[in-house]
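Residue strings, one per chain:
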Amino acid sequence: MLLGALGAAALIAITLIALFGGFGGGDGGGAVSASDVGARPAAAGEPPQRVKLVVTLRGSGRGEIQIAPGDSTCERSCERRYDTDTRVTVTATAASGSTFEGWGDSCDGTGSCSIMLDEERSLTATFDREPRAPAPPPPAASDEDLDADAGEDLDPAAPGDCADNRDNDGDGLTDSEQDPDCASGNEAGVPAAPPPPPPPPSAAAANDDCADGRDNDGDGLTDTAQDPDCVAGKTESGKTKSTRRAPAQCSDGKDNDGDGLIDTAQDPGCIEDGTEA
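Residues numbered from 1 in each chain as written. Predicted model: local features only at pLDDT ≥ 70, side-chain atom pairs only at ≥ 80, totals over all residues. Heavy atoms only, no water.

Enquirer: Now, about unusual backbone geometry: what can you tell me, with residues and values included?
Expert: Here the amide bond leading from Ala-68 into Pro-69 is cis, since omega sits at 5°, within 30 degrees of zero. For Pro-69, the location among the structural elements is in the loop between β2 (63-68) and β3 (72-74). (Helix = DSSP H or I, 4+ residues; strand = E, 2+ residues; numbered from the N terminus.)

Enquirer: Give a detailed account of the pattern of salt bridges, specifying residues and quantitative values.
Expert: The final tally for this structure, using the stated rule, is 4 salt bridges. Note that Arg-50 and Asp-83 form a salt bridge whose closest N and O atoms lie 2.7 Å from each other. One end of the pair, Arg-50, is in strand β1 (residues 50-58); the other, Asp-83, is in strand β4 (residues 78-83), and 33 residues separate them in sequence. When its relative accessible area of 3% is taken as the criterion, Asp-83 is described as buried. As a salt-bridge pair, Arg-121 and Glu-119 come within 3.9 Å of each other at their nearest N and O atoms. Classification of Arg-121 as partly exposed rests on a relative accessible area of 23%. It is possible to trace a salt-bridge network through shared partners that takes in Asp-118, Glu-119 and Arg-121. (Salt bridge = Lys/Arg side-chain N within 4 Å of Asp/Glu carboxyl O. Buried < 20%, exposed > 50% of the residue type's maximum accessible area, 1.4 Å probe, protein only.)

Enquirer: Could you give me a rundown of the packing of aromatic side chains, with the residues and numbers involved?
Expert: If you walk through the whole model with that rule in mind, you get 2 aromatic pairs. Pairing Phe-100 with Trp-103 gives two aromatic rings, centres 5.1 Å apart and planes at 70°, and the pair type is edge-to-face. For the pair formed by Phe-100 and Trp-103, the shared burial category is buried. The interplanar angle of 45° and the centroid separation of 5.2 Å between the aromatic rings of Phe-100 and Phe-127 together place this pair among those described as tilted. Taken together, the positions of Phe-100 in strand β6 (residues 98-105) and Phe-127 in strand β8 (residues 121-129) put the pair 27 residues apart, joining distant regions of the chain. (Phe/Tyr/Trp six-rings, centres within 6.5 Å; stacked < 30°, edge-to-face > 60°.)

Structural data, given as structure tokens:
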């Protein structure tokens, strides 16, 4: 009887030990989520501890910071929280017209950076504007352009060396604006070319003494170019010109009266329909 009772008690004890021992896990019973990978194990029944990453953007430029895990982005200063001992990787990308100058605080250099968040960490990223490229120099002027520009500065009405921007006679005075010699000729004082001769007399004036090249009335004035009587439509002597046809001997090309004067063009006797005599 006693042995049977002891055997039954031992069997119950063994069963109880086996029963209560099966409820314990190898990790103390704490659950680990996928987001807690790399985190420090927390005490049984407690949530994992979390730490803060502070990202600050500085400089005159613009850019963004990509943070993994989590694939989050900071375009301005920001804060992110992670489980303790999580390894975080940060990458900087500059915006158009800006450059990434480098990291500060928990990172350095300009490449991607990996940080172990065993405590609260700070990170600085600096972006600056790209320097503006200098304007290209103007193209060099060709000889043709220089000649054209010089020609634009010349006074088209000024004679020769009075419009070439040079002191041609070495007197320290240049062109018409300074050298008084240009008023009467050129810088060297040479007189300007004489005016062109007057046009030849018309056919109507060819048969009177206003076109014979002589001073027929002895007043020192010759023909239409000088004598005002001819300008008024008269002869050099002031007489009215004949509009009738001259007698034959005044147009035969001979000195009919032997005075050395031939026809109407020379002999005053032919004026007003007279003869050479």
